[in-house]
Protein chains: 2
Amino acid sequence: MHIVLLSGGSGKRLWPLSNDVRSKQFIKLFRREDGSYESMVQRVYRQIMAVDADATVTIATSKAQVSALHNQLGGDVGICVEPCRRDTFPAIALASAYLADVRHIDPEEPVVVCPVDPYVGEDYFEALRELSRQADKGEANLVLMGIEPTYPSEKYGYILPESAEHTAFVKAFREKPTEDVAREYIEQGALWNGGVFAFKLRYMLGKAHELFDFADYQDLFARYGEMAKISFDYAVAEKEKKIQVQRFSGEWKDMGTWNTLTEAMEEPVIGKGMMNKECSGVHIVNEMDVPVLAMGLHDVVISASPEGILVSDKGQSSYIKPFVDSFEQQVMFAEKSWGSFKIVDVEERSLTIKVTLNAGHSMNYHSHKSRDEVWTVIAGEGRAVVDGQQRRIGVGDVVTMPAGCRHTVFADTELKMIEVQLGEDITVRDKQKFELD
Amino acid sequence: MHIVLLSGGSGKRLWPLSNDVRSKQFIKLFRREDGSYESMVQRVYRQIMAVDADATVTIATSKAQVSALHNQLGGDVGICVEPCRRDTFPAIALASAYLADVRHIDPEEPVVVCPVDPYVGEDYFEALRELSRQADKGEANLVLMGIEPTYPSEKYGYILPESAEHTAFVKAFREKPTEDVAREYIEQGALWNGGVFAFKLRYMLGKAHELFDFADYQDLFARYGEMAKISFDYAVAEKEKKIQVQRFSGEWKDMGTWNTLTEAMEEPVIGKGMMNKECSGVHIVNEMDVPVLAMGLHDVVISASPEGILVSDKGQSSYIKPFVDSFEQQVMFAEKSWGSFKIVDVEERSLTIKVTLNAGHSMNYHSHKSRDEVWTVIAGEGRAVVDGQQRRIGVGDVVTMPAGCRHTVFADTELKMIEVQLGEDITVRDKQKFELD
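Since the model is a prediction, treat every value here as computed from it, not as a measurement. (Residues numbered from 1 in each chain as written. Chains lettered and ligands numbered in written order. Predicted model: local features only at pLDDT ≥ 70, side-chain atom pairs only at ≥ 80, totals over all residues. Heavy atoms only, no water.)

Colleague: I'd like to hear about the interface of chain A and chain B, residue by residue, with values.
Modeller: Of the residues lining the interface, 55 residues belong to chain A; the matching set on chain B comes to 54 residues. For the pair chain A and chain B, the two sides together bury roughly 4200 Å², of which 72% comes from carbon and sulfur. Three residues, Leu293, Met295 and Ile309 of chain A, lead the burial of chain A against chain B; their summed loss comes to 16% of the area buried on that side. Counting across the chain A and chain B interface gives six salt bridges. One can count 18 residue pairs in polar contact (both at pLDDT 80 or more) joining chain A with chain B. Among the elements that take part in the side of chain A that touches chain B, strand S19 (residues 308-313) of chain A stands out by supplying six residues, more than any other. Looking at the side of chain A that touches chain B residue by residue, the class counts come to 34 nonpolar, 12 polar and nine charged. (Contact = heavy atoms within 4.5 Å. Buried area = accessible area lost by both parts, 1.4 Å probe. Salt bridge = Lys/Arg side-chain N within 4 Å of Asp/Glu carboxyl O. Polar contact = N/O pair within 3.5 Å; in protein donor to acceptor, adjacent residues only side chain to side chain. Helix = DSSP H or I, 4+ residues; strand = E, 2+ residues; numbered from the N terminus. Nonpolar A, V, L, I, M, F, W, Y, C, P; charged D, E, K, R; others polar.)

Colleague: Tell me about the sheet that holds strand S16 (residues 283-286) of chain A, and name the residues and values.
Modeller: Within the open sheet, the six strands sit side by side as S14(A)-S16(A)-S18(A)-S19(A)-S17(B)-S15(B). Their pairing is mixed. One side of each edge strand has no neighbouring strand; the edge strands of this open sheet are strand S14 (269-270) of chain A together with strand S15 (273-275) of chain B. Bridge analysis of S16 of chain A against strand S18 (residues 300-305) of chain A gives four bridges, and the strand direction is parallel. Bridge pairing links Val285 of chain A to Ser303 of chain A in S18 of chain A. (Pairing = 2+ DSSP bridges.)

Colleague: For the sheet that holds strand S24 (residues 372-379) of chain A, give the residues involved together with the corresponding values.
Modeller: Residue and element names in this part refer to chain A. Across the sheet, which stays open at both edges, the six strands sit in the order S20-S21-S22-S29-S24-S27 with antiparallel pairing between neighbours. In the strand order of this sheet, the two ends are held by strand S20 (333-336) and strand S27 (398-401), each with one partner. The mean inter-strand angle of the sheet, taken between neighbouring strand axes irrespective of direction, is 20°. With four bridges connecting them, S20 and strand S21 (residues 339-347) associate as antiparallel partners. Across the sheet, residue Ala334 finds its bridge partner in S21, namely Phe341. Seen against the sheet, helix H2 (residues 66-73) touches S20 and S21 and runs at an angle of roughly 65° to S20. (Axes fitted to C-alpha atoms, helices over the stretch in contact; angles between N-to-C directions.)

Below, the structure written as structure tokens:
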């Protein structure tokens, strides 16, 4: 099976856990059998591999997520990077060209596209295989997954099938309705459109060429910014006559808001947290080192991270975005392919950061125009290079780097350092990269 | 007017703002006219001075609070330090001996004792002067303030006066009652006992000598631990026949729990915080650098500090103590006479602390057996002494101190440093102090 996972943008709807650089799909919220936690993207990748160990998985995403994907899934996962943000059709067109020209997949083979963020069981992945097999048959150009509605949701588009059979041709599509209208659709046998579909690669390449003139993947990548912002549903699905839908009635939860996310959490508290017996329907997700105490609350989600603290009635948690957008705040922590960082102190003319480098990784060789830096190693071993001079460093060693000096560090083991940045105008933009001789 | 303010123990009932080293009376929660904030102790001290600029103020407290008191009130405030924790009668006896023997107050003069933590207006301090004048008259040995009850509280003891006059002799005392019994007391004209009273100094010195044999203040201080733990009400007030009560009907709020504390807050948010319109009765007190967002909550207090995060229904906020006691946590921040510290990162074998020294202050000259330390100066100027060698330090300078070396720093301006502690067993007990030659 060839799967394209669409890994969407940086969402603030799960603030303070998600931010401009960490999308919700990278938050480790789901308990594995061994007691550790995995993220949505780790979970879905593991589930695909459990169902089909030979599956070709390609993640279509933005440049900003590449580090996090490699960090969480390892270096081998196939990633198709969008050079800039367009809509779903350009993303799928680019991924299709990537599959054909970079991964050399036979254009007659079926491909399944699905978003990375629903919370599902393994039966969902069995359903994807069925979708793939159905596309392979060639009865239709496009085979959609239709999710059997559990309530008259206003959040999804609906698919009206010709019949109530497991696989049926599509009669019509319906936009996100009001609750009353959704109820009518469901009476008519409509299914939720979860954005999951399968097709033969040749078909999608054809659609891509119809809508945009390009030579191959490299050419499309180079000129990606010229493509119109157009959704896959509008550009392809709603115009296609030979289109089928296949029913899916298993577990399927959209993890878009705290409300739905907490429904999928197996335990009420992740991280340091405690609540009294008078609490009901309370979830605590705490990424800080200090405890959260909840007393006498009902249907409330509390989440704390280095970015901030959310305390929300679960129903109201869908409305946090405009408030979060109004916070003018720098990114306080991030996971990168090389490790992670966390801002631990902010002063007018200094910034103190805990930097963790994974073993075998290093920073870019770089310098800053307007700030000095001091590293104090707090764990691990490595090698620092300052203006071409390499030295071994370990716990307690201090490296001072005046503005202008070129520097990097290699982690021989996991390496943790406290980095103090000092200057009048500290900004992430003040960074020049160099090749290391 | 001579006033003794009783500044009580470290309370966890206002966690996470109060902790083992910071008592609730030092938390800056009350807005001054200039927009800055003051603590309970700063507010009460300012109010006393506004009513009587010549008042002699003595704060009776424990050793642990001396730094914070000097830090918030300046070096000139009179502090009578209890060598160890006893009950209210020993504390008042010691304060009386201090007034007589250290401050040389005439034993015929009246003294007013009151707790440091009620939230009151200036009329309260006028009432204290009246209490003092009444004690001066000598009609009674002890004159209590009786607060006119606003509801049948179970939290206070009650005083039954002989008559409904403004000043009356006391008929009887009643212990903290149930709500129904409180209602009966109030029908009988009973008043709340807020622990405020006045007496002539000679009277209290006599009571002290009756109950404990001592020569003078120095002797009492030296043998303070031998005194019985006995409350002032039990030892003196309830046994006194010549005792009056004076009514007070002004604003008086006990700041013991989050519920009552938030009633006294003039605005719903202190620090970085935001709430949507669906919130009602919500208070946010945030001492962190990152924002708190509250959505759709009712009658909830949210407080965040480097110690942790509390989210509590206001009614339930009186019950936090056992939960807070169960958190095994080091003190994450503290204010000292010399400045403040805040732990910004905790690792297994390192601790990173932001240290702020006030201008003109220094640390003790000290060493550590089992840890190395590194300072990086992030603001200000000063002088570091390491093993007897002094050097000037400023922004960007690094001082490394291996285990065993003696060190201190003098702040010539306000001085801020990031201190990295490194070792197998980092503990506050690992500290040897030395005289600096």
